[in-house]
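Below are the chains, spelled out letter by letter.
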Amino acid sequence: MKTFRFLLLAIFFGVLFSCSTEKGNLVFLEAESFDKMGGWVIDQQFMDVMGSPFLMAHGLGKVVENASTSFDVRVQGKYYVFVRTRNWAAEWSKKEAPGRFQLVIDGIPLEKIFGQEGMEWSWSAGGPVDLTAKSHTVSLHDLTGFNGRCDAIILTTDPGFIPPDESGRLAEFRSKALGRGESPEHAGPFDLIVVGGGMAGTCTALSAARHGVRVALIQDRPVLGGNNSSEVRVHLGGRINLDPYPNLGNLVNEIGPDQGGNAQPAGYYEDDKKLQAVRKEKNISLYLNCHVNEVITRDNQIASVVAHNIRTGEKLRFDA
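These figures come from a predicted structure and were not determined experimentally.

(A) A look at the sheet that holds strand β4 (residues 41–43). Across the sheet, 3 strands lie side by side as β4-β5-β12; this open sheet has antiparallel pairing. Two strands lie at the open edges of the sheet, namely β4 and β12 (146–150), each paired on one side alone. When the angles between neighbouring strand axes are averaged without regard to direction, this sheet yields 35°. With 4 bridges joining them, strand β5 (residues 54–58) and β12 adopt antiparallel strand pairing. Along β12, the bridge assignment pairs H58 with F146.

See the structure below:
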């Protein structure tokens, strides 16, 4: 058996790591695993390139609600803060960065404004904070509504600590920090695995399930529909019910929204209609928020796929 991994090996996700090291104590937080997302959204599109999903303040120019989580500090002391972020517009503009945000700890914002340095993902130092040995809260406070980005947060008592930036070392750091194993959990055998829950993938899964096929439908977003969902809001159209296949299009009509149009209010796209249609089929096992980025082959044919849960980092293997 030969395993092909796409782009980046050993990507691991989780909510919190806290430990003692030779040079101090360290807390590691993955932004995509925050307890409350507020108005921030998970962006998983580049996780194979930059090492992780991240949180983005996608407010179309309107400041979004804070994302927040809690973390425990074992040893009281002065903790040095690092935030992994980027200035996504630096490549095109020297003007004030559009994606600025602050880090707020226990209700007190740090003076440092994040998201306004280089265009590459990197660790931005936020200065020291004094923390007692108890549970604390941390929040991402959007300042602009223009796609501020946060990947992860480190707090350490080691004043000389330098977080790893190179992709291989960073992947190894995530792996050790979050205690993720190499072997994925087995999700069970299926007859058909559909990767992608857009309209094509959803219709494929429904059609197969209604013919008695055991289906795993894997979608890396929290909703189905792809472009025709409340996340993207593209009109669902096309010529259907034509000879020589007069029934082609019936399934699309069944789960598609009654109203049309691009960039309409979220309710126009009827995400729940698609979701309920899938959940009603006993032959479909639905896996939302799971990103497939590895295949396992046997005799030059795909035997399994491996997916990461973009919130928890859980790894699942699907055989078909």
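(B) Examining the pattern of salt bridges more closely. Under the criterion given, the structure shown has 14 salt bridges. Between R84 and D165 there is a salt bridge, with the nearest N and O atoms lying 4.0 Å from each other. Pair noted here: R84 is in strand β7 (residues 77–85) and D165 is in the loop between β13 (152–156) and α2 (167–178), with a separation of 81 residues, a long-range link. We classify R84 as buried; its relative accessible area is 4%. Judged by its relative accessible area of 34%, D165 is partly exposed.

(C) Seen up close, the side chain of Q44. Relative to the helices and strands, Q44 resides in the loop between β4 and α1 (47–50). For Q44, a relative accessible area of 7% puts it in the buried group. For Q44, the side chain forms a polar contact with the side chain of R221, separated by 2.7 Å. Setting aside residues no more than four positions away along its own chain, Q44 makes contact with P53, D220, R221, H291 and I310.

(D) Broad picture of the nonpolar core. Residues L103, L140, I153 and L155 are the most contacted members of the largest nonpolar core, which totals 30 residues. Those elements that provide at least two residues to this core are β3 (24–30), β5, β6 (67–72), β7, β8 (101–105), β10 (122–131), β11 (135–142) and β13. Listed in part, the 17 residues of the second largest apolar core include A205, A208, V215 and L288.

(E) Layout of the sheet that holds strand β17 (residues 284–287). The 3 strands lie next to each other as β15-β16-β17, forming an open sheet whose pairing is parallel. The open sheet is flanked by β15 (192–195) and β17, the only strands paired with a single partner. Recorded for the sheet is a direction-independent mean angle of 15° between the axes of neighbouring strands. Judged from the 4 bridges that link them, strand β16 (residues 215–218) and β17 form a sheet pairing that is parallel. Among the inter-strand pairings, V215 is bridged to a residue of β17, identified as I284. Where helix α3 (residues 199–210) meets the sheet, it contacts β15, β16 and β17, and its direction lies at approximately 165° from that of β16.

Criteria and thresholds
- Residues numbered from 1 in each chain as written.
- Predicted model: local features only at pLDDT ≥ 70, side-chain atom pairs only at ≥ 80, totals over all residues.
- Heavy atoms only, no water.
- Pairing = 2+ DSSP bridges.
- Helix = DSSP H or I, 4+ residues; strand = E, 2+ residues; numbered from the N terminus.
- Axes fitted to C-alpha atoms, helices over the stretch in contact; angles between N-to-C directions.
- Salt bridge = Lys/Arg side-chain N within 4 Å of Asp/Glu carboxyl O.
- Buried < 20%, exposed > 50% of the residue type's maximum accessible area, 1.4 Å probe, protein only.
- Polar contact = N/O pair within 3.5 Å; in protein donor to acceptor, adjacent residues only side chain to side chain.
- Contact = heavy atoms within 4.5 Å.
- Core = buried A, V, L, I, M, F, W, Y, C linked by side-chain atoms within 4.5 Å.

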